[in-house]
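# Observations on chain architecture
Here is how the chains run, residue by residue.
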Amino acid sequence: MDDDPGVTRPAGLVIDAALELLDRQLVDSDDSLAGKVDDLELTPSEDDSHVLYVTAILSGPGALGPRLPGRLGRAWSALFDRLHPAEHPEPIRISFGVVQSLGPRIRISMSRHHLGVNSFEHWTREHIIRRIPGSGDASQ
Amino acid sequence: MRLSELLGRPVVDADGTSLGEVRDVRLVQDGPLQGTFGAAFRVDGLIIGRYEVASRLGFDRRGVKGPWLVATIVGRLARSSRFVAWEHVDATEHVIRLRRRADELQPPAPLPQLRTGSVG
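Note that the structure is a prediction, hence the values are computed from the model and not measured.

### Digging into the pattern of salt bridges
All chains considered together, the criterion is met by 8 salt bridges over all chains. Asp28 of chain A is paired through a salt bridge with Arg112 of chain A; the nearest N and O atoms lie 3.5 Å apart. One end of the pair, Asp28 of chain A, is in the loop between strand E2 (25-27) and strand E3 (33-36); the other, Arg112 of chain A, is in the loop between strand E8 (105-108) and helix H4 (119-127), and 84 residues separate them in sequence. Each of Asp30, Arg42 and Asp44 of chain B takes part in salt bridges that share partners, so that together they form one network.

Right, dumping it as structure tokens:
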């Protein structure tokens, strides 16, 4: 590695969030796919509100809407709010404290069954897909 | 706050000159302990640029050595990229205002030079 005297190397690992975290695949404790990193939750420090820490990964359709541009993003979010069974639906929140490793795949120490990452998909399958004539066993 | 609330926002310097938009957020893992992950990531600063494609491919930070034609074109687009430390950022309004002038900002340091570990 070439050291540039003009570059001060910080004590901790340095990453660029959009380049190295966003859209990465999540892998759960069962080695199963558990969604993607659609957004990050940034929380102010208790000591200094200007200091922000990454406290959680946000995943699922509820997290993706705000990232999409303009009308598409608003339409996506409105559709998610309309279809989701909860009155004020929130995206799936995965505490950064359960992250085990970073890389092309981000490994977490929880099972996807405890995250509810597929709850929206299940609800859509049960309440919409199943009612479409000719869907057959598509909801299975 | 969400990361997506920062990405894409317009940025002006202390003189009101437009610098482009927020293209990325640089994080440093030196925060308080957070479960099994260890130290939390802290927002260290913003990477600002005029051309999204240059930042999206990481040409301004990874020292990418692609095909020379691509490297030349995207490398030129990435020359406008600048890093600003979070302490100099006022993100209270939609247009992010910096407490520094454009000529006081440096291009973002390439990630390999900042690394003590490795991330794929």
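### Examining the environment of Ser32 of chain A
All names here are of chain A. Counting through the fold element by element, Ser32 comes out in the loop between E2 and E3. Placed 75 residues apart in sequence, Ser32 and Arg107 show a C-alpha to C-alpha distance of 9.8 Å. Sequence-distant contacts of Ser32, defined by excluding residues within four places in its chain, comprise Leu26, Val27 and Arg112. Polar contacts involving the side chain of Ser32 include one to the side chain of Arg112, which spans 3.2 Å.

### Examining unusual backbone geometry
Residue and element names in this part refer to chain A. Residue Asp23 is not a glycine yet carries a positive backbone phi of 70°. Inspection of the secondary structure assignment puts Asp23 in the loop between helix H1 (17-20) and E2. Residue class for Asp23 comes out partly exposed when judged on its relative accessible area of 41%. Its identity is not glycine, yet Asp31 carries a phi of approximately 65°, on the positive side.

### Some words on the interface of chain A and chain B
Contacts between chain A and chain B engage 43 residues on the former and 42 residues on the latter. Summed over both partners, the interface of chain A with chain B buries about 3,700 Å², with 60% contributed by carbon and sulfur atoms. Put simply, chain A and chain B have 1 salt bridge between them. With its nearest N and O atoms 2.7 Å apart, the salt bridge here joins Arg26 of chain B to Asp16 of chain A. Counting every contact that joins chain A to chain B gives 17 residue pairs in polar contact (both at pLDDT 80 or more). Contributions of two or more residues to the side of chain A that touches chain B are made by strand E1 (14-16), H1, strand E4 (39-44), strand E5 (52-59) and helix H2 (61-64) of chain A.

Rules used throughout
Per chain, residue numbering runs from 1 following the sequence as it is written. Labels follow written order: the first chain is A, the first ligand is 1, and so on. Only residues with pLDDT of at least 70 are given local features in this predicted model, and only at 80 or more are side-chain atom pairs given and counted; all residues enter the totals for whole chains, interfaces and linings. The side-chain figures draw on all heavy atoms in the structure; neither hydrogens nor water molecules are used. Only one rule defines a salt bridge in this text: a Lys or Arg side-chain nitrogen within 4 Å of an Asp or Glu carboxyl oxygen. Where helices and strands are cited, they refer to DSSP runs of H or I of at least four residues and of E of at least two residues respectively, numbered from the N terminus. Contacts between residues were defined by any pair of non-hydrogen atoms, one from each residue, lying within 4.5 Å. Polar contacts, as used here, are pairs of N or O atoms within 3.5 Å; protein pairs need one atom able to donate a hydrogen and one able to accept it. Residues neighboring in sequence count only if both atoms are side-chain atoms. Whether a residue is buried, partly exposed or exposed follows from its accessible area with a 1.4 Å probe, protein chains only, as a fraction of its type maximum: under 20%, in between, or over 50%, in that order. In this description, buried area is defined as the sum, over both parts, of the accessible area (probe of 1.4 Å) that is lost when the two are combined.

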